[in-house]
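Below, each chain spelled out in residue letters.
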There are 2 protein chains.
Amino acid sequence: MTIRKICLGLLLLFAAQHGYAQELTAQQDRVKLTFALDNNGTPQYAVYLGTQAIVKPSELGFVLQEDSTFYRGFTVTGHETKAVDERWKPVWGEVNSIRNQYQELTVHLQQGQRLLNIVFRVFADGVGFRYEFPEQPLLNYFVVKEERTAFRLTGDHTAFWIPGDYDTNEYEYTTSKLSAINNRDIVASSTAIAVRVAPDEQAVQTPLMLKTGDGLYINIHEAALVNYSAMQLHVNRENYTLTSSLVPDPVGNLAYLHTPCTTPWRTILVSDKAADILSSKTILNLNEPSAIAQTDWIKPMKYVGVWWEMQTGKSTWSYAEDARHHTPSGKHGATTDNVKRYIDFAAANHIPGVLVEGWNTGWEDWFGNWKENVFDYVTPYPDFDVKGLQAYAAGKGVQLIMHNETSGAATDYERQLDTAYRFMKQFGYPAVKTGYVGKIIPRGEHHDGQWMVNHYQRVTTKAAEYQVMMDTHEPMRPTGLHRTWPNWMASEAGRGNEYNAFANGNKPEHETILPFTRLIGGPMDYTPGIFKLSGYNAADTSKRVHTTLAKQLALYVTLYSPLQMAADFPENYARYPDAFQFIRDVPVDWDDTRILAAEPGDYISIARKEKGSDSWYLGAITDENSRTLETSLSFLDAGKRYLVTLYGDAANADWYGNPEAYTIRTFIADYKTTLQLRLASGGGAALSIVPATPEQLKKVKPYRR
Amino acid sequence: MTIRKICLGLLLLFAAQHGYAQELTAQQDRVKLTFALDNNGTPQYAVYLGTQAIVKPSELGFVLQEDSTFYRGFTVTGHETKAVDERWKPVWGEVNSIRNQYQELTVHLQQGQRLLNIVFRVFADGVGFRYEFPEQPLLNYFVVKEERTAFRLTGDHTAFWIPGDYDTNEYEYTTSKLSAINNRDIVASSTAIAVRVAPDEQAVQTPLMLKTGDGLYINIHEAALVNYSAMQLHVNRENYTLTSSLVPDPVGNLAYLHTPCTTPWRTILVSDKAADILSSKTILNLNEPSAIAQTDWIKPMKYVGVWWEMQTGKSTWSYAEDARHHTPSGKHGATTDNVKRYIDFAAANHIPGVLVEGWNTGWEDWFGNWKENVFDYVTPYPDFDVKGLQAYAAGKGVQLIMHNETSGAATDYERQLDTAYRFMKQFGYPAVKTGYVGKIIPRGEHHDGQWMVNHYQRVTTKAAEYQVMMDTHEPMRPTGLHRTWPNWMASEAGRGNEYNAFANGNKPEHETILPFTRLIGGPMDYTPGIFKLSGYNAADTSKRVHTTLAKQLALYVTLYSPLQMAADFPENYARYPDAFQFIRDVPVDWDDTRILAAEPGDYISIARKEKGSDSWYLGAITDENSRTLETSLSFLDAGKRYLVTLYGDAANADWYGNPEAYTIRTFIADYKTTLQLRLASGGGAALSIVPATPEQLKKVKPYRR
């Protein structure tokens, strides 16, 4: 035996005892993932874009109730790689076909007698990885006390963040360096948010949007949040390391699991183009295919509703003055007559849905009492005629959208789920908007904890069983589960337009941030479309929307959702029927989407192709800075010429002083056209781009700058 | 104006400012209640028996989230007294007619602008009082942080106690002075009890039985535990003051209330006769009348069951070896054939019910994992034929009793309540035994907290809606609610006979204590009737029942329940058919009850008159001391002569060495007869006393000592 062989033998022996000394890698295009164990046997991963480090070697692992050091002392017992390149079609979406291409690396780890797998998928625009706990003798039912997933960032990046709050996402965004992140003041001052629980001053919510000093865009989130607690990030302001921070249950545990099981995917998107973050399909690609076989009842839709009038104080959800008296206050919003008005309006404008909030008993006493037995989900107020309105709506080709506000009493809602959904089917409600305003019951649970994650899944499954579409308000933020449950159309889980009604509102930059953050995981029911942008709250005339009217139109394109509300009152739309035409026309389901221009916090411009049509719709929005976006229409079909209707800010418009000033221009354009979209401060532009008829080609002039 | 008038005026002024200076009193027979405010405006009550203080002036009040000093600074704004003397008939019970006679004193209190009423009811055998929070502007929804109800006892009484545990009542009783109470060791050593949570070493459970040095008997408990947390008692060993200690929720609150509302009644029974404690109807009298209008479906019953064989390890609840494998282990108890055996036995012996545990999927993985989704309550194992067994039983005049073990996952049970109870109705189950073995989900809640109190009420209401009788295992201990919900037949909520099967068992004195403690609030499903008193646990031959066979028979009389199990195997009853005759004969519903002799921890002798019959049944039991009870039959009708069948310990019987030795004697007796009932160590005597036929009078001899 030679010395060489002896050395090789020793080396192999060393390797066998200490795991793989070498690094494992996987790469897709410019994105590279590396995995290795450090000297303590702690698993670590790193992410590169080309040669540039995006995430430095960062720890992985857990503290389990059954094993407090399940983050070190590992060895690698094996690994596999796999290449996948497939296509799939979503039931609805921003595009009609999605490519799923990745390199997969699975690492098999062992610590003592316990097993852990980590699966990495490397995409052209980022990385996703998840932990898998295989069936094994020494881990059966177990409890996660801590997840130790780190994201060691390479510098003091700019972050667009909201606090890591166990119960809400409804904060305004703060833009700051990582080194400046502290959420205490914003948590304390956000008094318009009902329930705020943010014990860690250094915690931020995901999706977290980042921009490096080098101009790289990074987004951290999770995909497929199933049977687990939601992940926030604890920020180390000194070394720019983020660490997973899960939402606890009442006794301080994070998750109760049973092997074999997996965690959600932790996702890191990266690109040198902001637009790539918006167009990424990685979150969806990491989710499971649709669990619903027959989906013809799932239909994206626009809707109006008896809602804004309550948000602005014009009417009330409740019927009586208060819970002690039963005489009507005269201020009830959801009366048969009022609902008929909305039905008439919807029918006249080919809007298929009318949401009605406050139709059911319980509202006199519903908020802030942390109690069950608020709503029974089936008993209407005396002035709301369930059957009559169903017939009236049906006669006009309109459907009512159900509202089930739970006031946070999830146990109470679960007791009544069959009753509530049976009622919906009986009276022809195709969709339900649910709400969870208030502290959660089971008491001590949080909106974002594992129990509530499972609650929302139970409700989604029940809704699917009853063939009802769902729009969830106040849940944890989405993580792409609408691929698996395409009846889960949209969520709120963020600061929506309503904050303009009853609170200080949303800064002009707000809607230029949301697609980079909240919407990364799924559609948001933002409820845009306000035409009377100020003076709608009689009790407080300072309440206003912080955009121009043209930007309100553009939001139907830039804030993607298969459920879109035209939130204002019919009479306000009646003031500007020409502007309202855009809302009538804009679709809610798409064959294709192009991110034309985007910078988080500054501007967004998106074009989308209507499903089954050659028409395109374009929306461009800006923050408080007016700007002109040079917009090429090169995405249009080369062989066609289009009638463009451009709804834009008037020259003297601005969100603060003159928000309702808009102009409408029509012109002919084609794929060679480049537009100069002039956006006012807090402004926007909305364009319908429809193949022109011969007559239009004759009558309407081509675009001129 | 005279000096006298000035003084009177000043006095009145003083009284007006400081509340009533004088004491308020109410009295019923020898029991007197006094109420007054102390110098701090703290409400206080005291209880006397004749001139003897039972409870010294003791504080009342609360710490509320909304008012941290809602226990002082009160004034009395008014008071009323009322005398009530009425009769009512229970649907089932120990007697068929109950007198409700009391003096009621209502005290109206005010602190600042908040209102509180305290209602006292004084009975001939004790006092009950409760707090009432009237509707008022400054208290609407509120949270109880502490209840400060004191019971200042007058001396170092002997107490028969179990630890104040948030999740279980299944401890052995300790008999000690108040000054010696500390529960730490017994909590730590009671390892056979699955879930034990007793943070306060000085806490004891109610009903608490006490005996003073003067020979007075005192019992402290509560009545009508509705929408509130269960009350334990913190013991001050130095001054013998007990203080109410409620079970907290996950965030440390005790109860969430909404005015107008009331607390449960705090009850203090007192007599110089131990028998009066057992015969007291005060707890029932303090409960609301039946909420169920039509009660013909509610029928007290005896039952056998596929149960003891699993408790003793002879068979298993589960079907397969474990959750990972699906092949049958061959040890499954609830098979169609085995159940038929029990049905045959029940039919042959005119026993209407057969309980079957382990009939449904989920048992391979059910215990100790603190998870939901264990049972679906409707899916049988492959070897349990639901429909076939229903038909088989019906054909023999027998009904199956359903088993719904929840493993503590109350939220999961609530989701499936309609499904579970619909299944019961569909397949002819007249009754259900529910179980809550394990830590509660909602996590952080306790078996005895307000949320679970409300859970059990929800289940009871649902069961009543489906006309199903309920036997609850592992709930909070009862408080007389079976008056309001007569379908709630029995509970376990205590250390039952099963502890002899799998644990160290129950000392011979155990059953002489239970009626003074656990059963004060309601019937206990103790599951007696074991004939093979040792050697039934193949894995541990030391496991044994700590009584004689004759005492097992007597328990059917001394441990009152409208649901009584004959718990042993048919083959063990077949060994002693003559003894089993008593179980065949003994009724479960009564027109009258006489406590013939009783001393807590020593002996109990009770006679009960069968409902709608002239027959009586008598049971006498003793602790580890053999004794002879001189027993007068003067309760019998003067004009009748009776055939008495006396099932007693053989002369050489004792629970330890010779438990199965019994004798059966028959003789004629009448109201002038006095029996000498010789009870062995751990022994008893059971008697059926039936009007004699002329032929029996000819053939059977009269009683001779």
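The rules behind these values
Residues numbered from 1 in each chain as written. Chains lettered and ligands numbered in written order. Predicted model: local features only at pLDDT ≥ 70, side-chain atom pairs only at ≥ 80, totals over all residues. Heavy atoms only, no water. Helix = DSSP H or I, 4+ residues; strand = E, 2+ residues; numbered from the N terminus. Rg over C-alpha atoms; globule rule 2.2 N^0.38 Å. Buried < 20%, exposed > 50% of the residue type's maximum accessible area, 1.4 Å probe, protein only. Contact = heavy atoms within 4.5 Å. Areas by Shrake-Rupley, 256 points an atom, 1.4 Å probe, with all protein chains shown as cover. UniProt positions renumbered as here; feature names shortened; annotations may be inferred. Pairing = 2+ DSSP bridges. Axes fitted to C-alpha atoms, helices over the stretch in contact; angles between N-to-C directions. Domains from an automatic or database assignment. Buried area = accessible area lost by both parts, 1.4 Å probe. Salt bridge = Lys/Arg side-chain N within 4 Å of Asp/Glu carboxyl O. Polar contact = N/O pair within 3.5 Å; in protein donor to acceptor, adjacent residues only side chain to side chain. Least-squares fit on C-alpha atoms with pLDDT ≥ 70 in both. Core = buried A, V, L, I, M, F, W, Y, C linked by side-chain atoms within 4.5 Å. Arc of directions from axis to C-beta. Patch = residues over 30% accessible without salt bridge, like charges linked within 9 Å, V, L, I, M, F, W, Y side chains within 5 Å. Lys, Arg positive; Asp, Glu negative; His and termini not counted. Charge placed at Lys NZ, Arg CZ, Asp CG, Glu CD. Phe/Tyr/Trp six-rings, centres within 6.5 Å; stacked < 30°, edge-to-face > 60°. Lys NZ or Arg CZ within 6 Å of the ring centre and 35° of its normal.

Chemist: Break down the overall build of chain A for me, citing the residues and quoting the values.
Modeler: Counting its secondary structure elements, chain A contains 16 helices and 37 strands. Against the 2.2 N^0.38 benchmark of 27 Å for 705 residues, chain A shows a C-alpha radius of gyration of 26 Å, consistent with a compact globule. Dimensions of chain A, computed from C-alpha atoms along their principal axes, come out at roughly 95 × 65 × 50 Å. Per-residue burial for chain A yields a buried fraction of 64% across its 705 residues. Partitioning the contacts of chain A with sequence separation of at least 6, the portion at a separation of at least 24 is 71%. Total accessible area computed for chain A in this model is approximately 24700 Å², and 49% of it derives from carbon and sulfur atoms.

Chemist: Could you give an account of the UniProt feature "domain: Glycosyl-hydrolase 97 catalytic" (unreviewed entry) in chain A, naming the residues involved and the relevant values?
Modeler: Following the UniProt record, the feature "domain: Glycosyl-hydrolase 97 catalytic" (unreviewed entry) maps to residues 307-493 of chain A here. Across residues 307-493 of chain A, helical content stands at 32% and strand content at 13%; the span's end C-alpha atoms are separated by 18 Å.

Chemist: Would you mind going over the sheet that holds strand S6 (residues 67-70) of chain B in detail, with residue names and values included?
Modeler: Residues and elements named next belong to chain B. What the four strands build is an open sheet, ordered S6-S5-S11-S20; its pairing is antiparallel. In this open sheet, the two edge strands, each paired with only one partner strand, are S6 and strand S20 (255-258). Within this sheet the neighbouring strands show an average axis-to-axis angle of 35 degrees, counted without direction. When strand S11 (residues 141-147) meets S20, the two strands line up antiparallel, connected through four bridges.

Chemist: Please provide a residue-by-residue account of the domain arrangement of chain A, values included.
Modeler: Residue and element names in this part refer to chain A. Taken domain by domain, chain A comprises domain 1 (3-285) and domain 2 (301-588). Each partner contributes residues to the interface: domain 1 has 51 residues there, and domain 2 has 51 residues. Taking both sides of the interface into account, the surface hidden between domain 1 and domain 2 amounts to around 4000 Å²; carbon and sulfur atoms contribute 59%. The three residues of domain 1 that bury the most area against domain 2 are Trp 92, Glu 170 and Tyr 173, which together make up 20% of that side's buried surface. Inspection of the region where domain 1 meets domain 2 yields one salt bridge. Across the pair Glu 222 and Arg 477 runs a salt bridge whose closest N-O atoms are separated by 2.8 Å.

Chemist: Break down the interface of chain B and chain A for me, citing the residues and quoting the values.
Modeler: Interface size is often expressed as the accessible area that is lost when the parts come together. On the chain A side, the residues contacting the 26 residues of chain B number 26 residues. Carbon and sulfur atoms supply 50% of the area that chain B and chain A bury against each other, a total of about 2300 Å² over both sides. Where chain B meets chain A, there are five salt bridges. Between Arg 324 of chain B and Glu 135 of chain A there is a salt bridge, and its shortest N-O distance comes to 3.5 Å. At the junction of chain B with chain A, the criterion picks out 14 residue pairs in polar contact (both at pLDDT 80 or more).

Chemist: Describe the pairing of strand S16 (residues 208-211) of chain B, naming the residues involved and giving the relevant values.
Modeler: For a regular strand, side chains alternate in direction, first toward one face of the sheet and then toward the other. Residues and elements named next belong to chain B. Judged from the three bridges that link them, strand S13 (residues 158-161) and S16 form a sheet pairing that is antiparallel. If you follow Ala 159 over to S16, its bridge partner there is Leu 210. Strand direction decides the pairing type here: S16 and strand S17 (residues 217-223), joined by four bridges, are antiparallel. Looking at S17, one finds that Met 209 is bridged to Asn 219. Linking two consecutive strands that pair antiparallel, namely S16 and S17, is a turn of five residues; a positive phi of about 85 degrees is found at Gly 215 within it.

Chemist: Quick rundown of the UniProt feature "domain: Glycosyl-hydrolase 97 C-terminal oligomerisation" (unreviewed entry) in chain A? Include the residues and the values.
Modeler: Within this structure's numbering, the places UniProt gives as "domain: Glycosyl-hydrolase 97 C-terminal oligomerisation" (unreviewed entry) are residues 589-689 of chain A. Regarding residues 589-689 of chain A, the helix share stands at 0% and the strand share at 58%, and the terminal C-alpha atoms are separated by 16 Å.

Chemist: How would you summarise the relation of the copies chain B and chain A if you had to cite specific residues and measurements?
Modeler: Superposing chain B onto chain A takes a rotation of 179 degrees combined with a translation of 0.1 Å along the rotation axis, leaving an RMSD of 0.1 Å. Both chain copies can therefore be described as sitting about a two-fold axis. An overlap of 100% is found between the interface residues of chain B and their copies at the interface of chain A, pointing to a shared contact surface.

Chemist: Can you break down the nonpolar core residue by residue, with the values?
Modeler: Counting 201 residues, the largest nonpolar core has Phe 35, Tyr 45, Phe 120, Phe 133 and Tyr 421 of chain B as the members making the most contacts within it. Among the elements that line this core, the one with the most residues is helix H10 (residues 450-465) of chain B, at seven residues. When residues no more than four places from it in sequence are discounted, the contact partners of Phe 133 of chain B are Phe 62, Phe 70, Leu 116, Leu 139, Phe 142, Leu 257, Thr 259, Pro 260, Cys 261 and Thr 263 of chain B. Of all hydrophobic cores here, the second largest spans 200 residues; its members include Ala 159, Val 557, Ala 566 and Tyr 662 of chain A.

Chemist: Break down unusual backbone geometry for me, with residues and values.
Modeler: Following Thr 206 of chain B, the chain continues into Pro 207 of chain B via a peptide bond in cis, with omega recorded as -5 degrees. Within the fold, Pro 207 of chain B resides in the loop between strand S15 (203-204) and S16. Its identity as a non-glycine residue notwithstanding, Ser 407 of chain A has a phi of 55 degrees, on the positive side. Counting through the fold element by element, Ser 407 of chain A comes out in the loop between strand S25 (399-405) and helix H8 (410-415). Here Ser 407 of chain A falls in the buried class, since its relative accessible area comes to 7%. Positive phi outside glycine occurs at Gln 467 of chain B, with the angle close to 55 degrees. With respect to the helices, strands and loops of the structure, Gln 467 of chain B is situated in the loop between H10 and strand S27 (469-472). In this structure Gln 467 of chain B comes out as partly exposed when scored by relative accessible area, which is 31%.

Chemist: Tell me about helix H9 (residues 417-426) of chain A, and please be specific about residues and values.
Modeler: Spacing of three or four residues puts side chains on the same side of an α-helix, whose turn is 3.6 residues. Residue and element names in this part refer to chain A. Residues of H9 that are buried include every one of Leu 417, Ala 420, Tyr 421, Phe 423 and Met 424, and no others. The buried residues of H9 occupy an angular sector of 150 degrees when projected down its axis, which confines them to one face. Count one or two residues on from H9 and you reach Gly 428, which has phi positive near 70 degrees.

Chemist: Go over the sheet that holds strand S26 (residues 431-435) of chain A, please, and point to the residues and values.
Modeler: Residue and element names in this part refer to chain A. If you trace the seven strands from one edge of the open sheet to the other, you get S28-S27-S26-S25-S24-S23-S29, paired in parallel fashion. Each edge of the open sheet is held by one strand with a lone partner, namely strand S28 (488-491) and strand S29 (563-565). Between one strand axis and the next, the sheet turns through 30 degrees on average, direction left out of account. By the bridge criterion, three bridges tie strand S24 (residues 353-356) to S25 in an arrangement that is parallel. Note that in S25 the partner of Val 354 across the bridge is Leu 400. In the packing of helix H6 (residues 336-348) onto the sheet, contacts are made with strand S23 (301-306), S24 and S25, and the angle to S23 comes to roughly 150 degrees.

Chemist: Which residues make up a positive patch on the surface, and what values do they have?
Modeler: Taken together, the side chains of Arg 665, Arg 678, Lys 701, Arg 704 and Arg 705 of chain A present a region of like positive charge at the surface. What makes Lys 701 of chain A exposed here is its relative accessible area of 63%.

Chemist: Could you give an account of the packing of aromatic side chains, with specific residues and numbers?
Modeler: Where two aromatic rings form a pair, the distance of their centres and the angle of their planes describe that pair. Counting across every chain of the model gives 80 aromatic pairs over all chains. Three or more aromatic residues link up through ring pairs in this structure, and these residues are Trp 317, Trp 363, Trp 366, Phe 367, Phe 375, Tyr 377, Tyr 413, Tyr 421 and Tyr 466 of chain A. Taking NZ or CZ as reference, Lys 32 of chain A lies 5.5 Å from the ring centre of Tyr 48 of chain A, over its face. In this structure, Arg 443 of chain A is placed above the aromatic ring of Tyr 256 of chain B, and the distance from its NZ or CZ to the ring centre is 3.6 Å.

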